[in-house]
Amino acid sequence: MSESVIEKVDNDGVVRLTITRPKALNALNSDVLSALEAHLVELEAHPDLRAVLITGAGEKSFVAGADITEMREKTPEEARAFASQALRTIKRLEELPVPVVALVNGFCLGGGCELALACDWAVASDNAVFGQPEVLLGVIPGFGGTQRLPRRVGPAMAIDLVTTGRKINAEEALRIGLVNRVMPQAELDAYADELTKQLSGNGPQAVRNAKQAVHDGMDQDLTSALALETSLFALCFAGEEQSEGMSAFVEKRKPNF
Ligand code: HXC
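It should be emphasised that the depicted structure is a prediction, and the values quoted were computed from it without experimental measurement.

Taken in spatial order, the 6 strands of this open sheet run E1-E2-E3-E5-E7-E10, and their pairing is mixed. The open sheet terminates on both sides in strands that have one partner only, identified here as strand E1 (6-11) and strand E10 (181-183). For this sheet the average axis-to-axis angle between neighbouring strands, irrespective of direction, equals 20 degrees. Direction of pairing for strand E5 (residues 100-104) relative to strand E7 (residues 121-125): parallel, over a ladder of 4 bridges. Residue Val 101 lies in a different strand from E7, and its bridge partner there is Trp 121. Against the sheet, helix H1 (residues 30-44) engages E1, strand E2 (14-19) and strand E3 (51-56), with an angle of about 20 degrees to E1.

Further remarks concern the pairing of E2. Sheet faces and side chains relate simply in a regular strand, where the side chains alternate between the two faces. With 5 of its 6 residues buried, E2 lies for the most part within the structure. Relative to E2, E1 runs antiparallel, the two sharing 6 bridges. The residue of E2 that forms the bridge with Val 9 is Arg 16. Bridging between E2 and E3 involves 6 bridges; their strand directions are parallel.

The rules behind these values
- Residues numbered from 1 in each chain as written.
- Predicted model: local features only at pLDDT ≥ 70, side-chain atom pairs only at ≥ 80, totals over all residues.
- Heavy atoms only, no water.
- Pairing = 2+ DSSP bridges.
- Helix = DSSP H or I, 4+ residues; strand = E, 2+ residues; numbered from the N terminus.
- Axes fitted to C-alpha atoms, helices over the stretch in contact; angles between N-to-C directions.
- Contact = heavy atoms within 4.5 Å.
- Buried < 20%, exposed > 50% of the residue type's maximum accessible area, 1.4 Å probe, protein only.

And the structure:
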């Protein structure tokens, strides 16, 4: 396993992970997945994590899918093990306690789209291309796409994408709610800086509680989910952030979180 397939930069708790396999358009093979999981295990123990950005090296591709060359000869059992490795890794990314932003700078196909679906934010360059083209290869999405895609864009559009395998551009991805923002490619990095500055300038525990309320609530019935929100709201009053945030408002100054 080589960890150099993922480049990590930590800037005051804003961590940028770059998948670096540009010759294969950053396709996810088992080495990349192992390296990503190792980084995520470290991030789970990061004492002052504020936000995570994940992107692909180069200007052409975020991630062009799972590695087809590696998958080609797999038996059903090997395919199951590969999918399980990816699902576990992608769930770790999804469950990081801070906002995770996919910076989609080009092809975002198959397993790449499934990786982006596990992120809280997806910010796409205007040349990005999305799709779940697995049926064109005689398979179906195996990194969570059949489940996270309908939860993100609704079942009708998910069925459209997973049964036709058609590719969509950034504009359509924005319209169906697959991504949050579309930016000219040259402005993507500057926007990422602005977004992470905004996210990391807010009360860190409040941001974590907000993410937890949305994520955990989505898996519950409304009554239980609202009770969860009340608990997490009340919990905000147990730390120092709420007092600082509200005092700053009353004193007409910026809060210092
Ligand atoms: C392995 C890949 C790859 C992939 C691209 N490459 N995608 N290698 N796995 N998913 C490699 C190509 O083989 C080529 O290597 C190099 O990257 C550049 O790609 P080109 O095809 O020459 O580039 P271009 O003509 O610009 O076409 C770009 C593309 C096309 C449209 C993205 O590469 C493509 O369709 N890729 C496959 C996309 C896909 O089907 N993804 C879903 C995979 S299945 P060489 O050595 O020839 O230069 C999946 C399932 C997940 O993700 C669940 C599994 C459990």
